[in-house]
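Chains, contacts and geometry: an overview
Here are the chains, one letter per residue:
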Amino acid sequence: PSPTPPELSLTTVNQTGPTSLEISWTGGDGSNDIQTSIDGVTFTTVLTGQASPAAITINLETTRKLLVRVIEP
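The shown structure was predicted, so the numbers you read here are calculated from the model rather than taken from an experiment. (Residues numbered from 1 in each chain as written. Predicted model: local features only at pLDDT ≥ 70, side-chain atom pairs only at ≥ 80, totals over all residues. Heavy atoms only, no water.)

**What to know about the sheet that holds strand β6 (residues 67-71)**
Short version of the rule: Here the rule is simple: two strands pair whenever DSSP picks up at least two bridges between them. Labels follow the DSSP assignment, with helices taken as runs of H or I lasting at least four residues and strands as runs of E lasting at least two, numbered in each case from the N terminus. Angular values range over 0 to 180 degrees, each being the angle between N-to-C directions of two axes fitted as lines to C-alpha atoms, with helices fitted over their stretch in contact.
The sheet built from three strands is open, its strands ordered β4-β3-β6 with antiparallel pairing. The sheet is open, and its two edges are formed by β4 (44-50) and β6, each paired on a single side. Within the sheet, the average angular offset between the axes of one strand and its neighbour, ignoring direction, is 20°. Examined bridge by bridge, strand β3 (residues 32-37) and β6 share five bridges and lie antiparallel to one another.

Rendered as structure tokens:
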């Protein structure tokens, strides 16, 4: 059996500027991927190899709903 991956818990997502979000989480090994989705089905990786916290760029003119998750690659 392979080892159990570290548990990740998304703790906060805050808008820090007109086009940026700061994502914070606990757990993981510091090389986590951040993914986003507008429909909850199809997720796109927007950053790789990240430690908490991390910032992503958003476009508020075209994005009204954004789901964010952090995963172990």
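**Section: the packing of aromatic side chains**
Worth spelling out the cut-off: What counts as a ring pair is set by centres within 6.5 Å for rings of Phe, Tyr and Trp (its six-membered ring), and what kind of pair is set by the plane angle: stacked under 30 degrees, edge-to-face over 60, tilted for all other angles. Here, a charge over a ring means that NZ of Lys or CZ of Arg falls within 6 Å of the ring centre while also lying within 35 degrees of the ring normal.
Summed over the entire model, instances satisfying the criterion amount to zero aromatic pairs. Seen from the ring of Phe43, Arg69 lies directly overhead, with NZ or CZ sitting 3.7 Å from the centre.

**What about the environment of Leu67?**
The following threshold applies: Any residue under 20% of the maximum accessible area for its type is buried, any over 50% is exposed, and the rest in between are partly exposed; the area is computed with a 1.4 Å probe on protein chains only. For this analysis, residues touch if any pair of their heavy atoms sits within 4.5 Å.
You can see Leu67 is positioned in strand β6. The class of Leu67 is partly exposed, set by a relative accessible area of 34%. A C-alpha to C-alpha distance of 5.4 Å links Leu67 and Thr36, two positions 31 residues apart in sequence. Those residues in contact with Leu67, other than ones at most four positions away along the chain, are Gln35, Thr36, Ser37, Asp39, Gly40 and Phe43.

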